Amino acid sequence: MSCNEVPSPARSPPPARNAAPRAWQRMLSGRRLDLLDPSPLDIEVGDIAHGLARVARWNGQTKGAHIFSVAQHTLLVEAVAALRVPGLDRRARLALLLHDAPEYVIGDMISPFKAVIGEAYKGVEQRLLAAIHVRFGLPPQLPRDLSRLIKAADHGAAFLEATRLAGFEPGEAVRLFGRPPPLTPRQEREYLAPWPANEAQRRYLERFEKVID
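This brings us to the overall build of the chain. Summing up its helical and strand segments, the chain has ten helices and two strands in all. Reading the secondary structure of the chain in the N-to-C direction produces β-β-α-α-α-α-α-α-α-α-α-α. Out of the 213 residues in the chain, the part that is buried amounts to 40%. For the chain, the share of sequence-separated contacts (at least 6 apart) that also reach a separation of at least 24 residues comes to 66%.

Attention now goes to the nonpolar core. Counting 55 residues, the largest nonpolar core has Ile48, Leu98, Tyr104, Phe136 and Tyr204 as the members making the most contacts within it. Every element with two or more residues in this core is listed here: α1 (45-52), α2 (70-84), α3 (90-97), α4 (103-106), α6 (119-135), α7 (144-164), α8 (170-177) and α10 (197-212). Take this core: its biggest share by element is nine residues, from α7. Setting aside chain neighbours within four positions, we find Tyr104 in contact with Met27, Leu33, Asp42, Ile43, Asp47, Ile48, Gly51, Leu52 and Ile132.

Every α-helix carries 3.6 residues per turn, so stepping three or four residues along brings you back to the same face. Counted at 1.5 Å a residue, the expected span for α2 with its 15 residues is 21 Å, and the 21 Å between its end C-alpha atoms agrees. Listed in full, the buried residues belonging to α2 are Val70, Ala71, Gln72, His73, Thr74, Leu75, Leu76, Val77, Glu78, Ala79, Val80 and Ala81. On its buried face, α2 sits against α1, α3, α4, α7, α9 (185-192) and α10.

The next subject is the packing of aromatic side chains. Going through the model one piece at a time under the given rule, you end up with four aromatic pairs. Note on Trp58 and Phe177: the rings are 6.0 Å apart at their centroids and 85° apart in plane angle, and the pair reads as edge-to-face. Pair noted here: Trp58 is in the loop between α1 and α2 and Phe177 is in helix α8, with a separation of 119 residues, a long-range link. Across the pair, Phe177 and Trp58 agree in class, each one buried. The ring of Trp24 carries the charged tip of Arg22 above its face, separated from the ring centre by 4.8 Å. The ring of Trp195 has Arg203 sitting right over it, with the charged end atom 4.1 Å from the ring centre.

Looking at the chain, the pLDDT average stands at 90 and 87% of residues meet or exceed 70. Confidence drops under pLDDT 50 across residues 1-9; counting only partners more than four residues distant or on other chains, this segment forms one contact.

Turning our attention to unusual backbone geometry. Located in the positive-phi region is Trp58, a residue other than glycine, with phi close to 60°. Judged by its relative accessible area of 17%, Trp58 is buried. Look at Asn59: it is not a glycine, yet its phi comes out positive at around 55°. Mapping Asn59 onto the fold places it in the loop between α1 and α2.

A separate point is α3. Burial of α3 is extensive: six of the eight residues sit out of reach of the surface. Within α3, burial applies to Ala92, Arg93, Leu94, Ala95, Leu96 and Leu97. The inward-facing, buried residues of α3 contact α2, α7 and α10.

Our focus in this paragraph is the environment of Trp195. The residue Trp195 is located in the loop between α9 and α10 in this model. In this structure Trp195 comes out as buried when scored by relative accessible area, which is 6%. Trp195 sits 129 residues away from His66 along the chain, and the two C-alpha atoms are 6.4 Å apart. Those residues in contact with Trp195, other than ones at most four positions away along the chain, are His66, Ile67, Gln72, Leu75, Glu190, Ala200 and Arg203.

A word on the packing of α2 against α7. Between two packed helices, both the angle of their axes relative to each other and the distance between the axes serve to describe the pair. At their nearest, the axes of α2 and α7 sit 8 Å apart, and the two run at 115° to each other. For the crossing formed where α2 meets α7, the hand is right-handed. From α2, His73, Leu76, Val77, Val80, Ala81 and Arg84 reach across to α7, where they touch Leu149, Ile150, Ala152, Ala153, Asp154, Ala157, Leu160 and Glu161. Considered class by class, the residues forming the contact of α2 with α7 number ten nonpolar, one polar and three charged.

What counts and how
- Residues numbered from 1 in each chain as written.
- Predicted model: local features only at pLDDT ≥ 70, side-chain atom pairs only at ≥ 80, totals over all residues.
- Heavy atoms only, no water.
- Helix = DSSP H or I, 4+ residues; strand = E, 2+ residues; numbered from the N terminus.
- Buried < 20%, exposed > 50% of the residue type's maximum accessible area, 1.4 Å probe, protein only.
- Contact = heavy atoms within 4.5 Å.
- Core = buried A, V, L, I, M, F, W, Y, C linked by side-chain atoms within 4.5 Å.
- Expected span 1.5 Å × (residues − 1).
- Phe/Tyr/Trp six-rings, centres within 6.5 Å; stacked < 30°, edge-to-face > 60°.
- Lys NZ or Arg CZ within 6 Å of the ring centre and 35° of its normal.
- pLDDT = per-residue confidence, 0-100.
- Axes fitted to C-alpha atoms, helices over the stretch in contact; angles between N-to-C directions.
- Left-handed = near helix turned anticlockwise from the far one by under 90°.
- Nonpolar A, V, L, I, M, F, W, Y, C, P; charged D, E, K, R; others polar.

Okay, here's the thing in structure tokens:
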């Protein structure tokens, strides 16, 4: 080789043809969460709050200068549940705050797309939720009455979001989500004006810390 020639950079060996694809995500906390076998030890509420505050409901098809985040939706769901069952205990409120927590990893997939891909999505979501429950002292599977309450509150929140933010007509929203919950005008202003991501993250963390204490 002459003094004017530049040596070619060393090439990395090609990946093994049968190597398994990466199935973990690195979080800002430094944790690496395996989607196939999630460990409760790799779950941090700070990562959950950060992620949920930046995941858009309705695929971002909502009114306002900011997305309507899953973090804000979660706090709305808790408020709706409290209207249905006054005096909710700590366990129920914690389960409500965590009901969509897997979405900090896998995003908020809209229901029509869930129907297209079927059970594969549900399996990942259920494993993540079970690990999250264990991390924060809940049973992997919630009691049936609590699961029903969460689902009803989730549908009530979805009606409000659909009609106030996502352009649905009330009649269509009733067919899809059932009757709306009786939020007061003050509550609607509080929970249905989309928050900036940093505010959604802060409010979610503050509420979580208050409930878990």
